[in-house]
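The residues making up each chain are set out below.
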Amino acid sequence: MDHNIQIERSTNLKSKPDESKLGFGQYYTDHMFILEYTEGQGWHSGRVVPYQNISMDPAAKVFHYGQTVFEGMKAYRTENGIKLFRPKKNFERLNRSNARLSIPQIDEDIAYNGLIELLNVDRDWIPSTEGTSLYIRPFIIATEAALGVNPSQNYLFMIIMSPVGAYYAEGVNPVKIHVESEYVRAVAGGVGEAKTAGNYAAGLNAQEQAKEHGYSQVLWLDGVHRRYIEEVGSMNVFFKINGVVHTPMLNGSILDGITRNSVITLLKYWGVPVEERRISVEELVEAHNKGELEEAFGTGTAAVISPIGELSYHGEKFVINNGEIGEISGKVYDTITGIQTGKVEDPFGWVVGLDS
Ligand SMILES: *Cc1c(COP(=O)(O)O)cnc(C)c1O
């Protein structure tokens, strides 16, 4: 396998967007990384090229059968240079998703080196305003033009990058969440623990309906019993009940979030009791009624922490912590964002410098 990464620089650089108006995933940097897979040859021809359209046969398998996986991570501009947060974890998870979707394993070092080369070429795109970052989207698509339902013989791995704005431009604001009792996101044995397109397409209608009723996201329940908490939107979820932090255990249908893992690690480090287990929605209602549901929050790369101020379930509303961000939620948010931006000591070696 050829590990050499060719670099073709753009001769037509774009102007950078206004850092106060970045939003999420609206602008893309000048370059992208591409790596190809050909059956019999493996992954090859890794290269950084100008950001461009790709041309594909309409029969490419990704369009028909959704054989595709993705990742999401961020780069931060800090006082001590450009930093990534636990980046190897993303490539490990990409390969776990690959395994589930019958996509060949990628060499994690080649993928990681491709990212580093791309970041080096586009380093000026990493915004510096407080709260902003460069969102990184590695993904793989099945490109073989053949309609038979079997794994593709060819794939494209790409990395694209987008400068994104502060998630909480007006301060961390707790959101209202609808507990979804009609639709399910995933079931154990399905593809819920893989970061693959179909999970997100399947969740759009529930999300749209929740929005129509004034909720920003849905809380997913398990697909079998329709009782146990899974995730909130595309985030993992945590509840503080009577001083103990609880999060659903990984059960095959829940995505193994890197932020989730970081939050659990941090809580344990602080000596805050944390439990990974099955949590039913009835238990949450009961805890709320006893005044013991103290905090709730989602976790994911985009927001880091998204506090939940209200849950609605079967037409009833449960306000959590007066609709305000809780103490643990705030402390976790400040610490993880502080570690990411180099303002808080990193006792776990989570942060990786681009130039070190
Ligand atoms: C990506 C994702 C998460 C969060 O994972 P992080 O690694 O923390 O960003 C949680 N749930 C779903 C469904 C996701 O796709």
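Nothing here was measured: the structure is a model prediction, and the numbers come from that model.

(A) View of the overall build of the protein chain. Assigned secondary structure in the protein chain consists of seven helices and 18 strands. Taking 2.2 N^0.38 as the reference for a compact globule, 356 residues should give roughly 21 Å; the C-alpha atoms of the protein chain span a radius of gyration of 21 Å, in line with that estimate. The principal-axis extents of the C-alpha atoms in the protein chain amount to approximately 60 × 50 × 35 Å. Within the protein chain, the proportion of its 356 residues that are buried is 51%. Summarising the internal contacts of the protein chain: among those between residues at least 6 apart in sequence, 70% fall at separations of at least 24. Carbon and sulfur atoms form 46% of the exposed surface of the protein chain, whose accessible area is close to 16100 Å². Distance between charge centroids for the protein chain: 1 Å, based on 32 positive and 45 negative side chains.

(B) The arrangement of the site of the ligand in detail. Around the ligand, a shell composed of 14 residues is seen, among which Lys195, Tyr200, Glu231, Thr259 and Thr301 lie nearest. Burial of the ligand by the protein chains amounts to 96% of its free accessible area of 380 Å².

(C) Representation of the domain arrangement of the protein chain within the structure. For the protein chain, the assigned domains are domain 1 (6–164) and domain 2 (175–340). A C-alpha centroid distance of 28 Å is found between domain 1 and domain 2. On the side of domain 2, 19 residues touch domain 1, which itself brings 22 residues to the contact. Summed over both sides, the interface between domain 1 and domain 2 buries roughly 1700 Å², with carbon and sulfur atoms accounting for 59% of that surface. Contact with domain 2 buries surface across domain 1, with Phe70, Phe85 and Arg93 losing the most and accounting together for 35% of the total. Between domain 1 and domain 2 we count one salt bridge in total.

(D) Region of interest: the packing of aromatic side chains. Tallied over the full model, the rule gives 11 aromatic pairs. Ring geometry for tyrosine 28 against tyrosine 51: centres 5.5 Å apart, planes inclined by 20 degrees, an arrangement best described as stacked. Of this pair, tyrosine 28 sits in the loop between strand S1 (6–7) and strand S2 (31–38) while tyrosine 51 sits in the loop between strand S3 (42–50) and helix H1 (61–65), and the two are 23 residues apart along the sequence. On the basis of relative accessible area, tyrosine 51 is assigned to the partly exposed category, the value being 30%. Judged by centre distance (5.7 Å) and plane angle (65 degrees), the rings of tyrosine 37 and tyrosine 155 are edge-to-face. Here tyrosine 37, found in strand S2, pairs with tyrosine 155, found in strand S8 (residues 154–164); they are 118 residues apart in sequence, far enough to count as distant. Tyrosine 155 carries the same exposure label as tyrosine 37, and that label is buried.

(E) Highlighting unusual backbone geometry. Even without being a glycine, asparagine 242 presents a positive backbone phi close to 50 degrees. Relative to the helices and strands, asparagine 242 resides in the loop between strand S12 (236–241) and strand S13 (244–248). Residue classification places asparagine 242 among the partly exposed positions, given a relative accessible area of 49%. Located in the positive-phi region is asparagine 321, a residue other than glycine, with phi close to 50 degrees. With respect to the helices, strands and loops of the structure, asparagine 321 is situated in the loop between strand S17 (316–319) and helix H7 (327–340). Of the residues examined, asparagine 321 reaches a relative accessible area of 31% and is grouped as partly exposed.

(F) Expanded view of the side chain of serine 152. Here serine 152 lies in the loop between strand S7 (133–142) and S8. Every residue in contact with serine 152, bar those within four places of it in the chain, is listed here: Lys61, Gln67, Ala142, Thr143 and Glu144.

(G) Fine view of helix H2 (residues 87–100). In this model H2 runs 21 Å from its N-terminal to its C-terminal C-alpha over 14 residues, within 8% of the 20 Å that 1.5 Å per residue would give. Buried within H2 we find Pro87, Asn90, Phe91, Arg93, Leu94, Asn95, Ser97 and Asn98. Once H2 ends, the next one or two residues include serine 102, with phi positive near 55 degrees.

(H) The arrangement of the packing of H2 against helix H3 (residues 108–121) in detail. Across the interface, H2 lies against H3 with an axial gap of 10 Å and an inter-helix angle of 130 degrees. One element, H2, and the other, H3, form an angle in the oblique class. The element H2 and its partner H3 pack so that their crossing is right-handed. Contacts between H2 and H3 involve Pro87, Lys88, Phe91, Glu92 and Asn95 from the first element and Glu108, Ala111, Tyr112 and Leu115 from the second. Here the contact of H2 with H3 is composed, by residue class, of five nonpolar, one polar and three charged.

Parameters and conventions
Residues numbered from 1 in each chain as written. Predicted model: local features only at pLDDT ≥ 70, side-chain atom pairs only at ≥ 80, totals over all residues. Heavy atoms only, no water. Helix = DSSP H or I, 4+ residues; strand = E, 2+ residues; numbered from the N terminus. Rg over C-alpha atoms; globule rule 2.2 N^0.38 Å. Buried < 20%, exposed > 50% of the residue type's maximum accessible area, 1.4 Å probe, protein only. Contact = heavy atoms within 4.5 Å. Areas by Shrake-Rupley, 256 points an atom, 1.4 Å probe, with all protein chains shown as cover. Lys, Arg positive; Asp, Glu negative; His and termini not counted. Charge placed at Lys NZ, Arg CZ, Asp CG, Glu CD. Near = heavy atom within 4 Å. Domains from an automatic or database assignment. Buried area = accessible area lost by both parts, 1.4 Å probe. Salt bridge = Lys/Arg side-chain N within 4 Å of Asp/Glu carboxyl O. Phe/Tyr/Trp six-rings, centres within 6.5 Å; stacked < 30°, edge-to-face > 60°. Expected span 1.5 Å × (residues − 1). Axes fitted to C-alpha atoms, helices over the stretch in contact; angles between N-to-C directions. Parallel < 35°, antiparallel > 145°, perpendicular 65-115°, else oblique. Left-handed = near helix turned anticlockwise from the far one by under 90°. Nonpolar A, V, L, I, M, F, W, Y, C, P; charged D, E, K, R; others polar.

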